[in-house]
Protein chains: 4
Amino acid sequence: MEYQPLEHVVQYYETDQMQVVHHSNYVRWFEEARTHWMDQAGMSYARMEELGIIIPVLTVSAKYVKMCRFGERVLVDLTVEEFNGIKAAFSYQVREADTWELRCTGTSSHCFLDRNNRPMSLKKKYPDIHELFVKWVR
Amino acid sequence: MEYQPLEHVVQYYETDQMQVVHHSNYVRWFEEARTHWMDQAGMSYARMEELGIIIPVLTVSAKYVKMCRFGERVLVDLTVEEFNGIKAAFSYQVREADTWELRCTGTSSHCFLDRNNRPMSLKKKYPDIHELFVKWVR
Amino acid sequence: MEYQPLEHVVQYYETDQMQVVHHSNYVRWFEEARTHWMDQAGMSYARMEELGIIIPVLTVSAKYVKMCRFGERVLVDLTVEEFNGIKAAFSYQVREADTWELRCTGTSSHCFLDRNNRPMSLKKKYPDIHELFVKWVR
Amino acid sequence: MEYQPLEHVVQYYETDQMQVVHHSNYVRWFEEARTHWMDQAGMSYARMEELGIIIPVLTVSAKYVKMCRFGERVLVDLTVEEFNGIKAAFSYQVREADTWELRCTGTSSHCFLDRNNRPMSLKKKYPDIHELFVKWVR
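What counts, and where the lines are drawn
- Residues numbered from 1 in each chain as written.
- Chains lettered and ligands numbered in written order.
- Predicted model: local features only at pLDDT ≥ 70, side-chain atom pairs only at ≥ 80, totals over all residues.
- Heavy atoms only, no water.
- Contact = heavy atoms within 4.5 Å.
- Buried area = accessible area lost by both parts, 1.4 Å probe.
- Salt bridge = Lys/Arg side-chain N within 4 Å of Asp/Glu carboxyl O.
- Polar contact = N/O pair within 3.5 Å; in protein donor to acceptor, adjacent residues only side chain to side chain.
- Least-squares fit on C-alpha atoms with pLDDT ≥ 70 in both.
- Axes fitted to C-alpha atoms, helices over the stretch in contact; angles between N-to-C directions.
- Helix = DSSP H or I, 4+ residues; strand = E, 2+ residues; numbered from the N terminus.
- Parallel < 35°, antiparallel > 145°, perpendicular 65-115°, else oblique.
- Nonpolar A, V, L, I, M, F, W, Y, C, P; charged D, E, K, R; others polar.
- Buried < 20%, exposed > 50% of the residue type's maximum accessible area, 1.4 Å probe, protein only.
- Pairing = 2+ DSSP bridges.
- Phe/Tyr/Trp six-rings, centres within 6.5 Å; stacked < 30°, edge-to-face > 60°.
- Arc of directions from axis to C-beta.

Undergrad: Even after reading the chapter, I still don't get the interface of chain C and chain D, so can you show me in this structure?
TA: Frequently, the measure chosen for interface size is the accessible area removed from exposure when the parts meet. Each partner contributes residues to the interface: chain C has nine residues there, and chain D has nine residues. Carbon and sulfur atoms make up 51% of the area that chain C and chain D hide from each other, which totals about 1000 Å². Its largest share of buried area at the contact with chain D, chain C owes to Tyr 12, Gln 17 and Gln 19 of chain C, together 57% of the area lost on that side. On inspection of chain C and its partner chain D, the count reaches zero salt bridges. Seen at the junction of chain C and chain D, the total is eight residue pairs in polar contact (both at pLDDT 80 or more).

Here's what the structure looks like:
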């Protein structure tokens, strides 16, 4: 399926006094890549929250390979490692946009909650949305 | 009335590559000082939101006198400039805790909304809460 | 001169529990608009810092008209109100990208410092860079 | 050795529209706990950076057990899992301060760099600082 990785321009407010991007921001970029991917998969996260579907983060991890600097353009590529209607897992690769140099890898896992914060099977409750996403599993 | 200004320890993640606190964080410290003051005034903001009272920011301003650095302790003092039940206005002074050196001044103004985002007169709807705050006006 | 206002997609991590963008983030968007404008004016801020030119924020203000929500696309338009080689002042307008609806206005003022944090006349020290920017003053 | 875990009051600006703390902020709290621990161990991170010792993050992970809310007080406890002068590894537990309820666990690993971003053996270069920290390894 066609998919464009997220392009993100590194902002000044994302740097810290080590003069590189603060490591917590990569976790934010992973989220940015998820919403970007969901837009392309045909169901935006904003739309899902309107339907009462919440997708909290259960775990997140990041491995920093080389730090990013202010003004750089990075690509954040997302791979769907798992999407079974109960749980979803993603992996991420952050690369400098021009050189394709690897800067950071990461993972996140998620479940689905309804408006009352109860676990939900996306597969049972919203099979059409589930189908939209499940075919992206690598 | 007795009141302790907010004490805040400057965090690494608050710095930017100019090796000082990123200017946007002072706006966050103003908010931190407001919630700290509300706690002391006897009505926490968390409690107000439970009652369905939202206090959005209408305006904010900051004047940067001298930048703060990682590891410093700062005091954020708040003055209630106006609190009339329809609108509230505050001013702020950020000082280094030991030397009392002025680092930043600022202002913010606010109104009160109900759960449906409609303007509310705190004075009419919650006169007891209004009374708690109004006596702090300088 | 040709100029494209910054386009910014509102991120989940920019929202707060009022379910709109936290007000401090608009101050970050103003910065994002400044760097975006400098790129277009022919001298990136990253490049200026390499030359040892620091542009701290002296004052900032924001007036919130209508709050922005997750998933919206906003345009942040910048006007150069003043640029005299000693000081620079900008104004900002944040609008929803499709409807052009006004969400927030703001201002910021700045000076120029050298590597030793001493005030610098950009006009005297880097007249070519000064010339690049000064013609944008409205 | 005596040690007080970090106490952190959850700020409004740390929440997101899920009405809980945005997951990226726990990674910031881990950092806050590290600097807090270093202060107590007798060598602040601010002081180390003055000496030219940079401690970048190599990996970070977080497992979210139960989300934190605005106004809560949390304790962030840190355990030194490894500190051998070349590499350091920490684990974290975030708990609600009154109930001791577990909210989040995490890990981070780090190396030491000199001013030129070259790997450094803290043990060889600054044995006294190394000694200060190494006795905290569990």
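Undergrad: Is there a simple way to think about the relation of the copies chain C and chain D in this case?
TA: One copy of the chain maps onto the other through a rotation about an axis plus a displacement along that axis. Once chain C is rotated about the relating axis by 180° and shifted along it by 0.0 Å, it coincides with chain D to within an RMSD of 0.0 Å. What the superposition gives is, in effect, a two-fold axis relating one chain to the other. Looking at chain C, 100% of its interface residues are interface residues in chain D too, so the copies touch through the same face.

Undergrad: Which parts of the structure should I look at to understand the packing of helix H1 (residues 24-41) of chain A against helix H1 (residues 24-41) of chain D?
TA: Helix-helix packing is characterised by the crossing angle of the two axes and by the distance between the axes. Direction vectors running N to C along H1 of chain A and H1 of chain D enclose 170°, while the axes themselves pass 8 Å from each other. The angle between H1 of chain A and H1 of chain D falls in the class roughly antiparallel. For the pair H1 of chain A and H1 of chain D, the contacting residues are Ser 24, Asn 25, Val 27 and Arg 28 of chain A in the first and Ser 24, Asn 25, Val 27 and Arg 28 of chain D in the second. Within the contact of H1 of chain A with H1 of chain D, the residues separate by chemical class into two nonpolar, four polar and two charged.

Undergrad: How should I be thinking about the relation of the copies chain D and chain A in this particular structure?
TA: Superposing chain D onto chain A takes a rotation of 180° combined with a translation of 0.0 Å along the rotation axis, leaving an RMSD of 0.0 Å. A shared interface surface links the copies, since 100% of the contact residues of chain D are contact residues in chain A too.

Undergrad: What am I meant to see in the pairing of strand E4 (residues 87-96) of chain C here?
TA: For a regular strand, side-chain orientation follows a simple rule: the groups alternate between the two sheet faces. Residues and elements named next belong to chain C. Burial within E4 is extensive, with eight of its ten residues counted as buried. Sheet topology note: the strand E3 (residues 73-83)/E4 ladder contains nine bridges and is antiparallel. Bridging from a neighbouring strand, Leu 78 pairs with Tyr 92 of E4. The turn linking E3 back onto E4 is made up of three residues, and Gly 85 within it adopts a positive phi angle of 90°. As paired elements, E4 and strand E5 (residues 102-111) share nine bridges and run antiparallel to each other. Residue pairing in the sheet places Tyr 92 in a bridge with Gly 106 of E5. If you look at the hairpin formed by E4 and E5, you'll find five residues sitting between the two strands, and Trp 100 has a positive phi there, around 65°.

Undergrad: Just to check I follow, could you spell out the interface of chain D and chain A for this structure?
TA: On the side of chain A, 25 residues touch chain D, which itself brings 25 residues to the contact. Between chain D and chain A, roughly 1900 Å² of surface is buried when both sides are summed, and carbon and sulfur atoms account for 54% of that area. Considering only the surface of chain D that becomes buried against chain A, Met 18, His 23 and Arg 28 of chain D emerge as the three largest contributors, covering 26% of it. Joining chain D to chain A, the criterion identifies zero salt bridges. The interface formed by chain D and chain A holds twelve residue pairs in polar contact (both at pLDDT 80 or more) in total. Among the secondary structure elements, those contributing two or more residues to the side of chain D that touches chain A are H1, helix H2 (45-50) and strand E2 (57-64) of chain D. The dominant element in the side of chain D that touches chain A, judged by the number of residues it contributes, is E2 of chain D, at eight residues. Relative to E2 of chain D, strand E2 (residues 57-64) of chain A runs antiparallel, the two being bridged by five bridges.

Undergrad: Sorry, what's going on with the packing of aromatic side chains here?
TA: The geometry of an aromatic ring pair is captured by the separation of the ring centres together with the interplanar angle, meaning the angle of the planes. Residues and elements named next belong to chain A. Going through the model one piece at a time under the given rule, you end up with 48 aromatic pairs over all chains. Relative to Tyr 92, the ring of Phe 30 lies with its centre 4.4 Å away and its plane at 5°, an arrangement referred to as stacked. Of this pair, Phe 30 sits in helix H1 while Tyr 92 is found in strand E4 (residues 87-96), placing the two residues 62 residues apart along the sequence. Joined through ring pairs, the aromatic side chains of Tyr 3, Trp 37, Phe 83, Phe 90, Phe 112, Phe 133 and Trp 136 make up one cluster.

Undergrad: Is there a simple way to think about helix H4 (residues 127-134) of chain A in this case?
TA: For an α-helix, the turn length of 3.6 residues means that residues three or four places apart are oriented alike. Residues and elements named next belong to chain A. Of all the residues in H4, the buried ones are Ile 129, His 130 and Phe 133. For H4, the arc enclosing every buried residue in end-on projection is 100°, short of the 170-degree limit, so these residues lie on one face. Of the surrounding secondary structure, the elements contacted by the buried residues of H4 are H1, helix H2 (45-50), strand E3 (73-83) and helix H3 (122-125).

Undergrad: Please explain the sheet that holds strand E5 (residues 102-111) of chain B as it appears in this structure.
TA: Hydrogen bonds along the backbone pair up the strands of a sheet, which may run parallel or antiparallel. The antiparallel open sheet is built from ten strands, whose spatial order is E1(B)-E3(B)-E4(B)-E5(B)-E2(B)-E2(C)-E5(C)-E4(C)-E3(C)-E1(C). Because the sheet does not close on itself, it has two edges, and the strands there are strand E1 (6-9) of chain B together with strand E1 (6-9) of chain C. Adjacent strand axes in the sheet meet at a mean angle of 20°, parallel and antiparallel pairs treated alike. Relative to E5 of chain C, strand E2 (residues 57-64) of chain C runs antiparallel, the two being bridged by seven bridges. Residue Tyr 64 of chain C lies in a different strand from E5 of chain C, and its bridge partner there is Cys 104 of chain C.

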